[in-house]
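Listed here are the chains, written in short residue letters.
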Amino acid sequence: IMKLSKALKTKQPAVNALLQAKMEAAEKESIDFYLEVRSDLKHISVEPWDLCKILANLIDNAITALSEKENEKQLHVEIWEDKEKYYFCIYNNGPVIPEEEEGHGMGLAIISRILKENNGQITVSSKEEKTSFQVEIPKMTF
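Residues numbered from 1 in each chain as written. Predicted model: local features only at pLDDT ≥ 70, side-chain atom pairs only at ≥ 80, totals over all residues. Heavy atoms only, no water.

1. Remarks on the pairing of strand S3 (residues 85-92)
No. 1: Within S3, seven of the eight residues are buried, which leaves it mostly tucked inside the rest of the structure.
No. 2: Direction of pairing for strand S2 (residues 74-81) relative to S3: antiparallel, over a ladder of seven bridges. Within the sheet, the bridge partner assigned to Leu75 lies in S3 and is Asn92.
No. 3: Where S3 meets strand S5 (residues 131-138), eight bridges bridge the pair, whose relative direction is antiparallel. Its bridge partner lying in S5, Phe88 is registered against Val135. (Buried < 20%, exposed > 50% of the residue type's maximum accessible area, 1.4 Å probe, protein only. Helix = DSSP H or I, 4+ residues; strand = E, 2+ residues; numbered from the N terminus. Pairing = 2+ DSSP bridges.)

This is the structure:
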């Protein structure tokens, strides 16, 4: 019940369903999935379908990276907002992304296109102990 209630905090049913499915996928791979939602995503400018593409690609990449790891596998998904933007941070304790691989997957190309269309951005950081993808999307202006 705890896992379920944490995933169903947004006003975006498609995002809620996606997070629930990804939690289950991570569990099957013996990955500890930590989800922290501090926004209802009520005023997000990105279409729910496109937001799901962004989150699904980043979470799937993290699950793939962690599946190669032997012991403790952790995947964190944090969603929050401030006055101007929504933030989505997906990070894990998997292996460092090799230089030649960074930015060459089809998933990241799709994410980049969606973010460009919505004036968003993504920041990637990959170190020995943590690989992190942070997405920022401006809020709709009324």
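2. Description of helix H2 (residues 13-28)
No. 1: Taking 1.5 Å of rise per residue, the 16 residues of H2 would be expected to cover 22 Å, and the 23 Å separating its terminal C-alpha atoms lies within 8% of that figure.
No. 2: When H2 is considered as a whole, its buried residues turn out to be Val15, Asn16, Leu18, Leu19, Gln20, Lys22, Met23 and Ala26.
No. 3: Ser30, located one to two residues past H2, shows a positive phi value of around 60°. (Expected span 1.5 Å × (residues − 1).)

3. Brief notes about the pattern of salt bridges
No. 1: Summed over all chains, the structure comprises six salt bridges.
No. 2: For Lys139, the salt bridge is made with Glu81, and the minimal N-O distance between the two is 2.4 Å. With Lys139 in the segment after S5 and Glu81 in strand S2, the pair connects residues that are 58 residues apart, well separated along the chain.
No. 3: For Lys139, a relative accessible area of 18% corresponds to the buried category.
No. 4: On the basis of relative accessibility, which here comes to 30%, the residue Glu81 falls in the partly exposed class. (Salt bridge = Lys/Arg side-chain N within 4 Å of Asp/Glu carboxyl O.)

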